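Structural features, examined
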Amino acid sequence: MDDWSKQLFDAFGNAVQDFTQQFSEDTERWLDNLTEQLASASDALVQTTDQWAEQVQEAIDPEIDRIVVELNHVVEPFRVTLNAEINYVADELNEILGPLVTGLSDVDQWFEEVSGPFNSTVEPLLQNYPACVGCRNFCGQSYGGNTLVCAMHPFGPEEERQCPDWESVWPQTKDQ
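Take the confidence of the model for the protein chain next. On average, the protein chain scores 83 in pLDDT, and the residues at 70 or more come to 87%. At the low end of the mean pLDDT range in the protein chain sits strand β1 (residues 141–143), at 80; at the high end sits helix α1 (residues 2–126), at 84.

Moving on, we get to the side chain of serine 168. Mapped onto the elements of the fold, serine 168 is located in the segment after β2 (146–148). Using a relative accessible area of 16% as the deciding quantity, one classes serine 168 as buried. Setting aside its immediate chain neighbours within four residues, serine 168 contacts Gly134 and Arg136.

By the definition in use, this model includes five salt bridges. In the salt-bridge network here, residues are joined through shared partners; they are Glu63, Arg66 and Glu70.

All told, the structure shown has one aromatic pair when counted by the stated rule. Between phenylalanine 19 and phenylalanine 23, the ring centres sit 6.2 Å apart and the planes meet at 20°, which makes this aromatic pair stacked. With a gap of four residues between them, phenylalanine 19 and phenylalanine 23 both fall in helix α1, about one helical turn apart.

Mapped onto the elements of the fold, glutamine 162 is located in the segment after β2. In this structure the C-alpha to C-alpha distance between glutamine 162 and proline 130, which are 32 residues apart in sequence, comes to 8.2 Å.

Right, let's get into a nonpolar patch on the surface. On the surface, a cluster of nonpolar side chains totalling about 990 Å² of accessible area is made up of Tyr88, Val89, Leu93, Ile96, Leu97, Leu100, Val101, Leu104, Val107 and Trp110. When you line up the elements, leucine 97 lands in helix α1. Leucine 97 sits in the partly exposed class, given a relative accessible area of 38%.

Glancing now at empty space enclosed by the protein. Using the criterion set out here, one finds one cavity of 30 Å³ or more in the structure. There is about 60 Å³ of room inside the largest cavity. Taken together, Ala131, Cys132, Cys135, Asn137, Phe138, Cys150, Met152, His153, Pro157, Cys163 and Asp165 make up the full set of residues lining the largest cavity. Its residues assigned to classes, the lining of the largest cavity shows eight nonpolar, two polar and one charged.

One pass over the structure, following the stated rule, counts zero disulfides. Looking at the unpaired cysteine 139, the closest cysteine sulfur is the one in cysteine 150, lying at 8.7 Å. Here cysteine 163 is not cross-linked by a disulfide; its sulfur's nearest cysteine counterpart is in cysteine 150, at 5.9 Å. For cysteine 163, a relative accessible area of 13% translates into the label buried.

A cluster of acidic side chains, namely Asp50, Glu54, Glu58, Asp61 and Asp65, defines a negative patch on the protein surface. Along the chain, the position of aspartate 50 falls in helix α1.

Glancing now at the side chain of histidine 153. Along the chain, the position of histidine 153 falls in the segment after β2. Aside from chain neighbours lying at most four places away, what touches histidine 153 is Cys163, Pro164 and Asp165.

Scoring rules and cut-offs
- Residues numbered from 1 in each chain as written.
- Predicted model: local features only at pLDDT ≥ 70, side-chain atom pairs only at ≥ 80, totals over all residues.
- Heavy atoms only, no water.
- pLDDT = per-residue confidence, 0-100.
- Helix = DSSP H or I, 4+ residues; strand = E, 2+ residues; numbered from the N terminus.
- Buried < 20%, exposed > 50% of the residue type's maximum accessible area, 1.4 Å probe, protein only.
- Contact = heavy atoms within 4.5 Å.
- Salt bridge = Lys/Arg side-chain N within 4 Å of Asp/Glu carboxyl O.
- Phe/Tyr/Trp six-rings, centres within 6.5 Å; stacked < 30°, edge-to-face > 60°.
- Patch = residues over 30% accessible without salt bridge, like charges linked within 9 Å, V, L, I, M, F, W, Y side chains within 5 Å.
- Areas by Shrake-Rupley, 256 points an atom, 1.4 Å probe, with all protein chains shown as cover.
- 1 Å grid on protein atoms, 1.4 Å probe; cavity = no way out; pocket = protein on both sides within 12 Å on 5 of 7 lines; lining within 4 Å.
- Points joined across faces, edges and corners; volume = space filled by probe spheres on them.
- Nonpolar A, V, L, I, M, F, W, Y, C, P; charged D, E, K, R; others polar.
- Disulfide = S-S within 2.5 Å.
- Lys, Arg positive; Asp, Glu negative; His and termini not counted.
- Charge placed at Lys NZ, Arg CZ, Asp CG, Glu CD.

See the structure below:
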């Protein structure tokens, strides 16, 4: 009798296993079929949406072009008037500021002349030529990597603190 229950139990287990396997395969086929149908439907939806967007674009473009042309006609007089006003203001500013700018260009030359003694006074100090501070003969330019101190002493005076050819950059008054 034990064989009988074991056979029944094995047959029932095999039937359940066959049923679950068949159910799993059917479900997988159904899901694959559903996926294919959804992909086909989404492709059709995308295609239809693209066609609809093209139709809307074709319908709207002429109207947008017409509106732009109308706006240009409305704005044109304002643009012309504004350009004329800007040109008028620019001409007025040119008349007023022209002489001032011309006068200011001479300031550069004046400033160079006025600051010349100051530069000659400070530069030798920065260049480590203390004997040349304030000397009108100081050059301080570099040629080929070599600094020309002055024509009398191309590499600087022999004595660090005193130069026999030193001349002041500051104008001499008649009192001196």
